[in-house]
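As a plain string of letters, each chain reads:
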Amino acid sequence: MKSLRHGEFFGQTNETLNFDGVTITDTEYTHSFVDWHYHENPYLTFLLQGNMTEGNKKEIYDCSAGTLLYHHWEDAHYNIKPDVFTRGFHIEITEDWFERFHVPKTQVEGSFTIKNPAIKLLMHQIFKETKLNDDFPDLSVHQLLLNLFDQLSNQKSDTKKKPAWVKQLDEILHEHFTEKLNLVELSQTLNIHPAHLSRDFQKYFQCNLGEYLRKLKVERSLQLLNEFESLSEVALECGFSDQSHFIRCFKANIGVTPWKYRNILK
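Model, not experiment: these values are computed from the prediction.

## Thoughts on the packing of helix α8 (residues 231–238) against helix α9 (residues 243–254)
Across the interface, α8 lies against α9 with an axial gap of 9 Å and an inter-helix angle of 80°. By the angle between their directions, the pair α8 and α9 is classed as roughly perpendicular. When α8 is examined against α9, the residues Leu231, Ser232, Val234 and Ala235 are found in contact with a partner set consisting of Gln243, Phe246 and Ile247.

What follows is the structure, given as structure tokens:
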């Protein structure tokens with residue numbers, strides 16, 4: 001089984017950045033099939049464009065633009081790519097980085113897909129920071145990456161403690177976030193009191209219900225910026241009331257306007 005060394009990925013890497021134990025690559029995937037392999041360092045894969053299938057010893061993921069995957073040390077996997085342009089953004093982290101920033105190496109383990117919109121928006125922010133040609137992007141990258149690992153750790157540690165309705169609610173919100181949702185109807189579906197839902201939502205999602213829905217909408221919009229020319233169309237497709245509301249929410253979560261982010265993606 002092939003082992004990939006630090007900074008090595010299958011495909012054509014168009015840009016590589018190194019920040020004190022962090023290697024960031026922007027790679028076009030050119031192989032229709034990549035056999036079982038593993039990487040010597042843990043890394044995050046963020047699919048910017050296209051789609052692919054990835055399989056490991058436990059699961060198979062159908063990945064489209066916007067998919068975020070975490071791979072731990074030497075976790076074997078394979079990839080299948082259809083005949084479409086596919087581009088990935090990778091953040092590879094060395095053991096030195098974990099030691100320097102006092103992040104336990106066992107804080108996050110295994111290989112899995114990340115669906116939490118707050119964590120995925122952090123990846124978009126890291127991508128943005130690496131494309132703005134700032135003289136000191138490493139400061140922002142390290143800060144955002146530490147925040148990301150903190151949220152990942154909290155998410156993994158809380159999984160067994162969460163009541164069943166939390167997972168059920170998250171699935172409902174991911175599926176219906178573009179619709180007008182009602183607190184009472186959600187509570188009836190989950191068979192819990194509205195006050196209970198309202199009180200405990202912050203505890204399990206680290207924000208209020210409205211903020212979580214806006215994050216889901218912004219995350220969806222990031223996948224559509226290259227598909228729709230009009231921002232009004234993107235706003236409508238994602239469930240925003242109008243273009244102005246969309247732009248405000250987008251900038252609040254990403255730090256730049258949708259127009260600027262669209263240019264960064266090119």
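Having seen the structure, we can now continue with the description.
## Details of the sheet that holds strand β4 (residues 33–39)
The five strands are arranged β1-β4-β9-β6-β7 in an open sheet whose pairing can be described as mixed. Pairing within the sheet leaves two strands with one partner each, and these edge strands are β1 (2–4) and β7 (60–64). When strand polarity is set aside, the average angle formed by the axes of neighbouring strands in this sheet is 35°. Sheet analysis places β4 next to strand β9 (residues 77–80), joined by three bridges and oriented antiparallel. Directly across from His37, in β9, lies its bridge partner His77.

## Structural notes on the packing of helix α2 (residues 117–131) against helix α10 (residues 258–265)
At a closest axis distance of 10 Å, the pairing of α2 and α10 adopts a crossing angle of 70°. One finds that α2 runs roughly perpendicular with respect to α10. Note on element contacts: α10 touches α2 through Tyr261, Ile264 and Leu265, opposite His124, Phe127, Lys128 and Lys131. Taken together, the residues that form the contact of α2 with α10 break down as four nonpolar, one polar and two charged.

Thresholds applied
Residues numbered from 1 in each chain as written. Predicted model: local features only at pLDDT ≥ 70, side-chain atom pairs only at ≥ 80, totals over all residues. Heavy atoms only, no water. Axes fitted to C-alpha atoms, helices over the stretch in contact; angles between N-to-C directions. Helix = DSSP H or I, 4+ residues; strand = E, 2+ residues; numbered from the N terminus. Parallel < 35°, antiparallel > 145°, perpendicular 65-115°, else oblique. Contact = heavy atoms within 4.5 Å. Pairing = 2+ DSSP bridges. Nonpolar A, V, L, I, M, F, W, Y, C, P; charged D, E, K, R; others polar.

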